[in-house]
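# Geometric and topological summary
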Amino acid sequence: MKESGNFAVRICPKCGAEYKGVPALSRVDNSPICPDCGTREALESIGVKPAEQEQILETIHRTQQV
């Protein structure tokens with residue numbers, strides 16, 4: 001885990017992506033995962049198909065840009 005400013009840079013064990021900030025908890029094994037994987041797991045749990053999950057994540061990323 002590297003430090004970057006005030007946030008540790010972590011590697012998601014599920015997708016391998018680097019992320020900063022607070023991790024999500026996996027619904028599968030309660031391990032820390034990146035927020036995107038956490039969102040995917042949540043959406044999958046309510047039956048959202050993978051293609052729509054990616055569209056939702058794109059919208060989230062677009063609206064969170066500063």
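In the block above lies the structure referred to throughout.
All of the points below concern the structure found in this document. Predicted model, so just to flag it, every value in this text is computed and none were measured.

Turning our eyes to something else, we now look at helix H1 (residues 35-45). The set of residues buried in H1 consists of Cys37, Gly38, Glu41 and Leu43. Elements that come into contact with the buried residues of H1 comprise strand S4 (24-25), strand S5 (32-33) and helix H2 (50-64). Directly beyond the C-terminal end of H1, a positive phi value near 90° is found at Gly47.

With that settled, the discussion passes to the environment of Pro32. Turning to its location among the elements, Pro32 is positioned in strand S5. Residue class for Pro32 comes out partly exposed when judged on its relative accessible area of 44%. Separated by 19 residues in sequence, Pro32 and Pro13 place their C-alpha atoms 8.1 Å apart. Discounting chain neighbours no more than four positions away, the residues touching Pro32 are Pro13, Tyr19, Pro23, Ala24 and Leu25.

We now examine the pattern of salt bridges. Scanning all chains against the criterion turns up two salt bridges. Here Glu41 makes a salt bridge to Lys14, at a shortest N to O gap of 2.6 Å. A residue pair is termed long-range when its members are at least 10 positions apart, and Glu41 in helix H1 and Lys14 in the loop between strand S2 (7-11) and strand S3 (18-20) qualify at 27 residues. A salt bridge links Glu54 to Arg40; the nearest nitrogen and oxygen atoms lie 2.8 Å apart. Pair noted here: Glu54 is in helix H2 and Arg40 is in helix H1, with a separation of 14 residues, a long-range link. The exposure class assigned to Arg40 is partly exposed, which follows from its relative accessible area of 25%.

Parameters and conventions
Residues numbered from 1 in each chain as written. Predicted model: local features only at pLDDT ≥ 70, side-chain atom pairs only at ≥ 80, totals over all residues. Heavy atoms only, no water. Buried < 20%, exposed > 50% of the residue type's maximum accessible area, 1.4 Å probe, protein only. Helix = DSSP H or I, 4+ residues; strand = E, 2+ residues; numbered from the N terminus. Contact = heavy atoms within 4.5 Å. Salt bridge = Lys/Arg side-chain N within 4 Å of Asp/Glu carboxyl O.

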